[in-house]
Amino acid sequence: MRDITLEQMRQLLDVPIFHQIGQTADQLGVECYVVGGYVRDLFLERPSKDIDCLVVGSGIAVAEALGRRLGKGANVSVFRNFGTAQVKYHGIEVEFVGARRESYSHDSRKPVVEDGTLEDDLCRRDFTVNALAVCLNRERFGELVDRFDGLADMQDGIIATPLDPDITFSDDPLRMMRCIRFATQLRMCIEDETQQALERNAQRISIISQERIVDELNKIMLSPVPSLGFIEMTRCGLLPLVMPEVAALEGVEVRGGRAHKDNLYHSLEVLDNVAAVTADWSDEAAEGQTFPHKLWLRWAALLHDIGKPRSKRWEQGTGWTFHNHNYLGEKMIPGLSRRMKLPMDERMKYVQKLVGLHMRPIAIADAEVTDSAVRRLLFEAGEDIDDLMLLCEADITSRNQQRKQRFLDNFRMVREKLTDLQARDSYRTWTNPITGEEIMQTFGIEPCKIIGELKQMVKDAIWDSLIPNTHEAAREYMLQCAAQKGLSPVTPDNPTQ
Ligand code: CTP
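Everything quoted here is computed from the prediction, not taken from an experiment.

Calculation criteria
- Residues numbered from 1 in each chain as written.
- Predicted model: local features only at pLDDT ≥ 70, side-chain atom pairs only at ≥ 80, totals over all residues.
- Heavy atoms only, no water.
- Helix = DSSP H or I, 4+ residues; strand = E, 2+ residues; numbered from the N terminus.
- Buried < 20%, exposed > 50% of the residue type's maximum accessible area, 1.4 Å probe, protein only.
- Areas by Shrake-Rupley, 256 points an atom, 1.4 Å probe, with all protein chains shown as cover.
- Domains from an automatic or database assignment.
- Disulfide = S-S within 2.5 Å.
- Near = heavy atom within 4 Å.
- Polar contact = N/O pair within 3.5 Å; in protein donor to acceptor, adjacent residues only side chain to side chain.
- Nonpolar A, V, L, I, M, F, W, Y, C, P; charged D, E, K, R; others polar.
- Salt bridge = Lys/Arg side-chain N within 4 Å of Asp/Glu carboxyl O.
- 1 Å grid on protein atoms, 1.4 Å probe; cavity = no way out; pocket = protein on both sides within 12 Å on 5 of 7 lines; lining within 4 Å.
- Points joined across faces, edges and corners; volume = space filled by probe spheres on them.
- Phe/Tyr/Trp six-rings, centres within 6.5 Å; stacked < 30°, edge-to-face > 60°.
- Lys NZ or Arg CZ within 6 Å of the ring centre and 35° of its normal.

### Things to note about the overall build of the protein
Okay, so step 1: Across its full length, the protein holds 25 helices and 15 strands.
Okay, so step 2: With the C-alpha coordinates of the protein rotated into their principal frame, the extents come out at 100 × 65 × 40 Å.
Okay, so step 3: Across the 497 residues that make up the protein, the buried fraction comes to 49%.
Okay, so step 4: Of the roughly 24,100 Å² of accessible surface on the protein, a fraction of 48% belongs to carbon and sulfur atoms.

Written out as structure tokens, the structure reads:
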């Protein structure tokens, strides 16, 4: 965090739009402040797009007058129900709100709102670091108002509420998720009383919509060390309420002196590993992608082992096993997505696919790395093969350096073979040279099970390198397989089967 003197603050805000806002407020005779995240991020030297302005009076009136002052190019939207207005001007967006005093009822996030003072407004904000205001009126341009020691908390790296945290969280339980999100994003600690209030109020999260919860989870997920947020959620009891499938991964069972690893902390380590290697990926979809892989690969990392609690067995002589946990996990994804209102489109399909396939490269690397095993993997993972390999490498969290190195070496072999096969076969876009149509015409048959069986036999033969990947070889092989099943091609002497 940096120190900012009055003079420096004036320079930082020496942008035409801030002077225009200040002059408009002066004209209307009201105080106007830039508040919240924008001010916080000035001190933390983080980029901030949204500008929030607080008017001690009518925010709508200032926005409308500003719109007139800016003239052409300014777009003013008024939300009378909320008492807010937005001004868009050459790519800049400023939200205006009047200072208010709010009181909440127990079962709703919708407050009863009355006009209030600057102080009323700041004390109703979520955290001290978000309750800073800088005046824009000409006389006091750049003057900082810090009623709740937000600067000191920022300096000490503390997230604390301006009021009694039980009131802040009970007023708006989404703030519990925001608290953990800010602590994770800004690498700050949650102050003790605030932490205890999280524990006391965790159940209140039930009145928050899934969409808003997921919004916060995504921000935690995109932070440099996302595990911090999930550990906080575990500590205060929010995790079992928000993501019971992930919370169920916690714990270690010991039998006959043999323990399995704690799958929650393992999953979080995998998530952090993926976060580290995707740190410089864009938060937006890259060219050719329909969604940002940075975020959804991290979701796959978090969820890759959710099938483990249900597949856990103790096997005499072997110890703890989690057979088929990847397939179980894959099956759990649609239910979890539906409940959490995660996007049930190509994004969660991608997560589901990676969860289902995440054991495959390990299985291949553990045995002999054959062409056909790698080829099958390539076909099933398709475009997502590189992301899958990345997830699998992140999944090696063994503390045994020798074991870890053995896996990494084998993965390198899988990767080499992948590159080699991709160059030779272009399997990412592989299609079977024999179509169902061709089989039906060849044997004069209607659609039936045998067509799928013949296609599968051809596919297996090509992938196992029994025959070359050409139409000629595939047809020849298909005719042989059909003969074994008692089928013969349609000829002029034998027009039907
Ligand atoms: N705020 C609040 N309680 C909420 C949401 C917001 O008190 N549930 C206040 C905070 O003072 C916050 C400001 O409104 O700083 C603006 O909210 P928002 O734009 O959601 O958050 P930012 O702090 O700007 O941070 P970010 O953009 O990262 O979400």
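### Quick look at the domain arrangement of the protein
Okay, so step 1: Domains assigned within the protein are domain 1 (6–156), domain 2 (157–242) and domain 3 (431–484).
Okay, so step 2: Placing the centre of domain 2 and that of domain 3 at their C-alpha centroids yields a distance of 57 Å.

### Remarks on the state of the cysteines
Okay, so step 1: This structure, assessed with the given rule, holds zero disulfides.
Okay, so step 2: No disulfide involves Cys123; its nearest neighbouring cysteine sulfur is the one of Cys179, lying 18 Å away.

### Digging into the site of the ligand
Okay, so step 1: Around the ligand sit 13 residues in total, of which Arg40, Asp126, Asp172, Arg175 and Arg181 are the nearest.
Okay, so step 2: A distance of 2.8 Å separates an oxygen atom of the ligand from a polar atom in the backbone of Asp126.
Okay, so step 3: At a separation of 3.0 Å, an oxygen atom of the ligand approaches a polar side-chain atom of Arg178.
Okay, so step 4: Relative to its free-state accessible area of 560 Å², the ligand is covered by the protein chains to the extent of 75%.
Okay, so step 5: Broken down by secondary-structure element, the contributors of at least two residues to the shell around the ligand are α3 (37–44) and α8 (174–185).
Okay, so step 6: With four residues, the single largest contributor to the shell around the ligand is α8.
Okay, so step 7: Looking at the shell around the ligand, its residues break down into one nonpolar, three polar and nine charged.
Okay, so step 8: Composition of the shell around the ligand by domain shows at least three residues from each of domain 1 (6–156) and domain 2 (157–242).

### Notes on the pattern of salt bridges
Okay, so step 1: Tallied over the full model, the rule gives 33 salt bridges.
Okay, so step 2: Note that Asp172 and Arg175 form a salt bridge whose closest N and O atoms lie 4.0 Å from each other.
Okay, so step 3: Relative accessible area serves as the criterion here: at 9%, Asp172 is assigned to the buried category.
Okay, so step 4: Residues Glu453 and Lys449 are paired through a salt bridge, measuring 3.9 Å at the closest nitrogen-oxygen approach. Of this pair, Glu453 and Lys449 both sit in helix α24 (residues 449–463), four residues apart, roughly one helical turn.
Okay, so step 5: Classification of Glu453 as partly exposed rests on a relative accessible area of 29%.
Okay, so step 6: Three or more residues joined by partner-sharing salt bridges are found here, namely Glu31, Arg140 and Glu143.

### Let's talk about the layout of surface pockets
Okay, so step 1: Counted as a void, the second largest pocket has a volume near 710 Å³.
Okay, so step 2: The set of elements that each furnish at least two residues to the lining of the second largest pocket consists of β15 (319–321), α17 (325–340), α19 (360–366) and α22 (401–425).
Okay, so step 3: Within the lining of the second largest pocket, the residues separate by chemical class into eight nonpolar, 11 polar and seven charged.

### Thoughts on the packing of aromatic side chains
Okay, so step 1: The full count for this structure, using the stated rule, is five aromatic pairs.
Okay, so step 2: Between the aromatic rings of Phe127 and Phe182, the centroid separation amounts to 6.0 Å while the plane-to-plane angle is 75 degrees, which identifies the pairing as edge-to-face. Here Phe127 is found in the loop between α5 (118–123) and β8 (133–135), whereas its partner Phe182 is found in helix α8, with 55 residues between them in sequence.
Okay, so step 3: A relative accessible area of 0% means that Phe127 is categorised as buried.
Okay, so step 4: On the basis of an interplanar angle of 70 degrees and a centroid distance of 5.1 Å, the ring pair of Trp314 and Trp320 is categorised as edge-to-face.
Okay, so step 5: For Trp314, a relative accessible area of 23% corresponds to the partly exposed category.
Okay, so step 6: Against the face of Phe322 rests Lys308, its NZ or CZ located 5.0 Å from the ring centre.
Okay, so step 7: It is Arg406 that lies over the ring of Phe407; its NZ or CZ is 5.4 Å from the centre.

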